[in-house]
Amino acid sequence: SVTYYNESGALTQRDSYDSQANPFQITVYGYIDGKRVSNSRITRYEYDPPPGAAPPGMATAEPLRKTDPRFEYSFEFKYENGKLAERQMINASGKKGMRYVYKHSSNQVEELVYSEDGKLNQRYLSILDANDNEIERTDFGVVNFEIYGDRKYKHAYEIDAAGNWKKKVTSKEVRENGLARWDQAYVTYRTITYY
C-alpha cells in the first residue's frame with residue numbers, strides 16, 4: 001500500500017495493491033461540511049473471483065435511508081488528554097457502523113472494536129516503546145478469532161535518520177507441547193518520502 005499525508009500529518013489517501021501489484025482500492029480522506037470523511041473505489045480484475053450474491057437471510061427489512069453521494073463514510077472522534085479515545089464510523093446514510101474505543105495507560109493501548117449492533121467484535125492490547133511504536137500485540141479470541149484463541153505478536157524495527165521505522169519484523173508466538181517460541185511471521189518495509 002501507499003499512504004499519503006498532508007503538511008499537517010493528516011491522512012489524505014491510501015492506495016492498496018493486490019498480490020499482482022495492481023491497485024485494487026483507492027481511498028481518499030478529507031473534510032466536507034466540517035466532517036472528516038472518506039470515499040473509496042475498488043477495481044476488480046479478470047483474475048478476481050466474481051463477487052457473490054448476499055447469502056440467504058442477509059436481506060434487511062430496514063427502510064432505505066437517503067445517502068450523501070459525496071462520501072462513503074464519515075467519522076466522529078473523541079479525545080482524552082490529547083489521545084484518541086474513540087472513533088465512530090458512520091455511513092453516508094447516517095447509520096452508525098463500527099466503533100473503536102482506545103484505552104491508554106503508561107506504555108500500552110487497549111483497542112475494543114464494537115459492531116454496529118453495539119456488541120464487542122474484536123479486542124487488542126498493544127505494548128508500546130518510548131516512541132509509541134507497537135512492540136508487542138495480543139489479538140484476543142473474541143468473536144472472529146475465538147476458534148484460534150488469543151494470538152501474540154512481537155515487532156522489531158529498523159529506524160531511519162528521522163526516527164521513523166523503515167522495516168518491521170513481526171514474530172508470532174507459537175505454543176507446542178506446553179512450550180512457547182517466537183517464529184518470524186512476516187516483514188513489512190516502509191519507504192517514507194519527506195518533503
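Reading the values: rules and limits
- Residues numbered from 1 in each chain as written.
- Predicted model: local features only at pLDDT ≥ 70, side-chain atom pairs only at ≥ 80, totals over all residues.
- Heavy atoms only, no water.
- Pairing = 2+ DSSP bridges.
- Helix = DSSP H or I, 4+ residues; strand = E, 2+ residues; numbered from the N terminus.
- Phe/Tyr/Trp six-rings, centres within 6.5 Å; stacked < 30°, edge-to-face > 60°.
- Buried < 20%, exposed > 50% of the residue type's maximum accessible area, 1.4 Å probe, protein only.
- Lys NZ or Arg CZ within 6 Å of the ring centre and 35° of its normal.
- Patch = residues over 30% accessible without salt bridge, like charges linked within 9 Å, V, L, I, M, F, W, Y side chains within 5 Å.
- Areas by Shrake-Rupley, 256 points an atom, 1.4 Å probe, with all protein chains shown as cover.
- Salt bridge = Lys/Arg side-chain N within 4 Å of Asp/Glu carboxyl O.
- Core = buried A, V, L, I, M, F, W, Y, C linked by side-chain atoms within 4.5 Å.
- Contact = heavy atoms within 4.5 Å.

Draft legend 1. The pairing of strand E13 (residues 179–189), seen in detail. Across 10 bridges, strand E12 (residues 165–176) lies against E13 in antiparallel orientation. Across the sheet, residue Ser171 finds its bridge partner in E13, namely Gln184. In this antiparallel pair of consecutive strands, E12 and E13, the connection spans two residues, and Asn177 shows a positive phi of 55°.

Draft legend 2. Structural context of the packing of aromatic side chains. The full count for this structure, using the stated rule, is three aromatic pairs. Taking the centre distance of 5.5 Å and the plane angle of 10° together, the rings of Tyr45 and Tyr47 count as stacked. With 6.3 Å between their ring centres and 25° between their planes, Phe75 and Phe77 make a pair best called stacked. For Phe75, a relative accessible area of 11% translates into the label buried. With a relative accessible area of 35%, Phe77 lands in the partly exposed category. One residue, Arg123, lies across the ring of Phe140, its end atom 3.9 Å from the ring centre. One cation-aromatic arrangement involves Arg137 over Tyr124; the distance from NZ or CZ to the ring centre is 4.0 Å.

Draft legend 3. Spatial organisation of a nonpolar patch on the surface. A contiguous nonpolar patch, built from Val2, Tyr4 and Tyr17 and spanning about 250 Å² of accessible area, is present on the exposed surface. Within the secondary structure, Tyr17 is located in strand E2 (residues 11–17). Assessed through its relative accessible area of 37%, Tyr17 is described here as partly exposed.

Draft legend 4. Local environment of the nonpolar core. Formed by Phe75, Met89, Tyr100, Tyr102, Val109, Val113, Tyr124 and Leu128, the largest nonpolar core amounts to eight residues. Only strand E7 (96–105), strand E8 (108–114) and strand E9 (120–128) provide two or more residues apiece to this core. Filtering out sequence-adjacent residues up to four positions away, Val113 remains in contact with Met98, Arg99, Tyr100, Lys119, Leu120, Asn121, Gln122 and Tyr124.

Draft legend 5. Structural detail: the pattern of salt bridges. All chains considered together, the criterion is met by 11 salt bridges. Between Arg137 and Glu134 there is a salt bridge, with the nearest N and O atoms lying 3.4 Å from each other. With a shortest N-O distance of 3.7 Å, Glu158 and Lys167 are connected by a salt bridge. Glu158 gets classed as partly exposed once you look at its relative accessible area, which sits at 41%. Assessed through its relative accessible area of 22%, Lys167 is described here as partly exposed. What you see here is one network of salt bridges that share partners, running through Asp33, Asp68 and Arg70.

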